[in-house]
Amino acid sequence: MRCLLIILCLASFQSFSQDYKTQIELHRKAYANDFLQDKRSPLKENDLKFLRFYDADSTYRITAKVQILADAKPFIMPVFSGTGTEYVPYAVLYFTIKDRPGVLRLYRNTNLAKTPQYSDYLFLPFTDSTNGADTYAGGRYLDFREGDLKDGTVVLDFNKAYNPYCAFGGGYTCPKPPEENHFKIAIEAGEKNFASEVKH
């Protein structure tokens, strides 16, 4: 009986891994397609083959505890070119990844919040020890909606971490991840450095 249970558990895990890999592949195809839909995109169709990612790894998909921040004050988040953009801290996320404790903060863009279609949009910029080597030196981003936060938790999937437009070309206003959102460990998941210079 015990042997059968082990076999069933292994089969279930393998099935989940395969399904998860497919899910991430579909997410990345949609991500690549978004470049073609945005008139301000730094990439054209021929550039998309140079997008690179870590292999899908479900150990980088974790559940974090959420602490909503009441009465947080707005601040200016610096950008890579320009003065900055106003954000307000929305929540603190607590989790464990690779047996290490982690803390990240979610932010709301005060200007976007005035637009109905983005009123529930939440932004998570972060840096880690892969930056400047395997991944973009300026850090990477994750996006959320308020509805993603349920029962005091949220799913953090670093396989969906993506590069700002500044990673592909100049002339873009990209927020710099605050120091409080810096990991001292390597997050080997999500988007890597672009593989080629973009030439148009």
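See the structure shown above.
Every value quoted in this text rests on a predicted model; they were computed, and no experiment measured them.

Visitor: Break down the side chain of Asn109 for me, with residues and values.
Guide: Relative to the assigned elements, Asn109 resides in strand β4 (residues 100-109). If sequence neighbours within four positions are ignored, Asn109 has contacts with Thr85, Glu86 and Tyr87.

Visitor: Report on the layout of surface pockets, specifying residues and quantitative values.
Guide: Space inside the largest pocket adds up to approximately 1,400 Å³. Lining of the largest pocket is provided by 38 residues; of these, Tyr121, Phe123, Tyr141, Asp143 and Tyr162 occupy positions nearest its centre. Elements represented by at least two residues in the lining of the largest pocket include exactly α1 (2-37), β3 (85-97), β5 (121-126), β6 (140-145) and β7 (153-157). When residues of the lining of the largest pocket are assigned to their parent elements, the largest contribution, eight residues, is made by α1.

Visitor: Give a detailed account of the nonpolar core, specifying residues and quantitative values.
Guide: Residues Leu93, Phe95, Leu124, Phe126, Leu156, Phe158 and Ile187 are the most contacted members of the largest nonpolar core, which totals 25 residues. Sorting the residues of this core by element identifies β1 (61-68), β3, β4, β5, β6 and β7 as the ones contributing at least two each. Examining the composition of this core, we find that five residues originate from one element, β3, more than from any other. Residue contacts for Phe95: discarding those within four places in its chain leaves Ile62, Thr63, Ala64, Arg100, Pro101, Gly102, Val103, Leu104, Leu156, Phe158 and Phe183.

Visitor: Go over unusual backbone geometry, please, and point to the residues and values.
Guide: At Asp99, a residue that is not glycine, the phi angle is positive and equals roughly 65°. By the secondary structure assignment, Asp99 is in the loop between β3 and β4. On the basis of relative accessible area, Asp99 is assigned to the exposed category, the value being 77%. Its identity is not glycine, yet Asp151 carries a phi of approximately 55°, on the positive side. Here Asp151 shows up in the loop between β6 and β7.

Visitor: Let's hear about the environment of Leu149: which residues, and what values?
Guide: Residue placement: Leu149 occurs in the loop between β6 and β7. In this structure Leu149 touches Val66, Ile68, Tyr90, Leu106, Leu122 and Val154, once residues within four positions along its chain are discounted.

Visitor: Before we move on, can you summarise the packing of aromatic side chains with the specific residues and values?
Guide: All chains considered together, the criterion is met by 19 aromatic pairs. With centroids separated by 6.1 Å and ring planes inclined at 75°, the aromatic side chains of Phe50 and Phe194 adopt a geometry described as edge-to-face. With Phe50 in the loop between α1 and β1 and Phe194 in the segment after β7, this residue pair connects regions lying 144 residues apart in the sequence. By relative accessible area, which is 26% here, Phe50 ends up partly exposed. Between the aromatic rings of Phe126 and Phe158, the centroid separation amounts to 5.3 Å while the plane-to-plane angle is 80°, which identifies the pairing as edge-to-face. Taken together, the positions of Phe126 in strand β5 and Phe158 in the segment after β7 put the pair 32 residues apart, joining distant regions of the chain.

What counts, and where the lines are drawn
Residues numbered from 1 in each chain as written. Predicted model: local features only at pLDDT ≥ 70, side-chain atom pairs only at ≥ 80, totals over all residues. Heavy atoms only, no water. Helix = DSSP H or I, 4+ residues; strand = E, 2+ residues; numbered from the N terminus. Contact = heavy atoms within 4.5 Å. 1 Å grid on protein atoms, 1.4 Å probe; cavity = no way out; pocket = protein on both sides within 12 Å on 5 of 7 lines; lining within 4 Å. Points joined across faces, edges and corners; volume = space filled by probe spheres on them. Core = buried A, V, L, I, M, F, W, Y, C linked by side-chain atoms within 4.5 Å. Buried < 20%, exposed > 50% of the residue type's maximum accessible area, 1.4 Å probe, protein only. Phe/Tyr/Trp six-rings, centres within 6.5 Å; stacked < 30°, edge-to-face > 60°.

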